[in-house]
Amino acid sequence: SMTRTYDREGFKKRAACLCFRSEQEDEVLLVSSSRYPDQWIVPGGGMEPEEEPGGAAVREVYEEAGVKGKLGRLLGIFENQDRKHRTYVYVLTVTEILEDWEDSVNIGRKREWFKVEDAIKVLQCHKPVHAEYLEKLKLG
């Protein structure tokens, strides 16, 4: 089990990636929620002690989405006031897709490509903070 890490204000430190099919950044990979399997989320999770946010983001998408790729820019640090999370969100261009991956095997997690506009709509219902990542991306 993982040691949770918190920043000075007591926010849990998280890292996530918007995983794109290409440099065009018009199709993004979402994964099913472990808690609500019919809902889609941006892959991400808690940072471990001594872990860099970029390294944590890459590790999380490998575990949750079964992809590897080229880590790009930090899109921003997003705050979830309700859950007291602060998430470092990176852009990643996918170069490798694994057939079987940790969360697929262990919990039956699914993944699917969405056009950015569709991903925003899908996320706005259940994960408005995740939708904000893509809205920020679109604003440039």
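Starting from 1, residues in each chain are numbered consecutively following that chain's sequence as written. A pLDDT threshold of at least 70 governs which residues receive local features in this predicted model, and a stricter bar of 80 or more applies before side-chain atom pairs are shown or counted, although totals over entire chains, interfaces and linings include all residues. Neither water nor hydrogens contribute to the side-chain values; these are computed over all heavy atoms in the structure.

Draft legend 1. Structural detail: unusual backbone geometry. One non-glycine residue, Glu-25, lies in the positive phi region at around 60°. A run of H or I in DSSP becomes a helix once it reaches four residues, and a run of E becomes a strand once it reaches two; helices and strands are each numbered from the N terminus. On the secondary structure map, Glu-25 appears in the loop between strand 1 (12–20) and strand 2 (27–32). You will see that Glu-50, though not glycine, has its phi angle at about 70°, which is positive. In this structure, Glu-50 sits in the loop between strand 4 (44–46) and helix 1 (53–65). Relative accessibility decides the category of a residue: with a 1.4 Å probe and only protein chains considered, values under 20% of the type maximum give buried, values over 50% give exposed, and everything between is partly exposed. Owing to a relative accessible area of 80%, Glu-50 belongs among the exposed residues under this scheme.

Draft legend 2. Region of interest: helix 3 (residues 116–126). Listing the buried residues of helix 3 in full gives Val-116, Ala-119, Ile-120 and Leu-123. Summarising the axial view, the buried residues of helix 3 lie within an arc of 100°, below the 170-degree limit, and thus occupy one face. In helix 3, those exposed residues whose orientation departs by more than 90 degrees from the buried face are Lys-121 and Cys-125. In what follows, residue pairs with any heavy atoms lying within 4.5 Å of each other are defined as contacts. Contact partners of the buried residues in helix 3: strand 1, strand 2, strand 3 (40–41), strand 7 (111–115) and helix 4 (128–139). Each C-beta atom gives one direction from the helix axis, and the arc is the one those directions make.

Draft legend 3. Region of interest: the pattern of salt bridges. A carboxyl oxygen of Asp or Glu within 4 Å of a side-chain nitrogen of Lys or Arg is what we treat as a salt bridge. This structure, assessed with the given rule, holds 14 salt bridges. The partner of Arg-86 in a salt bridge is Glu-9, with the nearest N and O atoms 3.4 Å apart. With Arg-86 in strand 6 (residues 85–97) and Glu-9 in the segment before strand 1, the pair connects residues that are 77 residues apart, well separated along the chain. Of the charged contacts in the structure, one is a salt bridge between Glu-60 and Arg-59, with a shortest N-O distance of 3.1 Å. You'll find Glu-60 and Arg-59 in the same group, each marked buried.

Draft legend 4. Expanded view of the packing of aromatic side chains. Put simply, two rings from Phe, Tyr or Trp (the six-membered ring, in Trp's case) pair if the centres are within 6.5 Å, and we call them stacked under 30 degrees between planes, edge-to-face over 60, tilted for the rest. In this structure the tally under the stated criterion is 2 aromatic pairs. On the basis of an interplanar angle of 70° and a centroid distance of 5.4 Å, the ring pair of Trp-40 and Phe-114 is categorised as edge-to-face. Of this pair, Trp-40 sits in strand 3 while Phe-114 sits in strand 7; the two residues are 74 residues apart in sequence, bridging distant segments of the chain. Both residues of the pair, Trp-40 and Phe-114, belong to the buried class. Ring centres of Phe-78 and Tyr-133 lie 4.7 Å apart, and the angle between their planes is 55°; this geometry places the pair in the tilted category. Of this pair, Phe-78 sits in strand 5 (residues 67–80) while Tyr-133 sits in helix 4, placing them 55 residues apart in sequence. The same class applies to Phe-78 and to Tyr-133, which are both buried. Just above the ring of Phe-11 sits the side chain of Arg-86; from NZ or CZ to the centre is 3.9 Å. Throughout this description, the term charge over a ring refers to an Arg CZ or Lys NZ atom that lies within 6 Å of the ring centre and within 35 degrees of the ring normal.

Remember that the coordinates give geometry; whether it matters functionally is a separate question.
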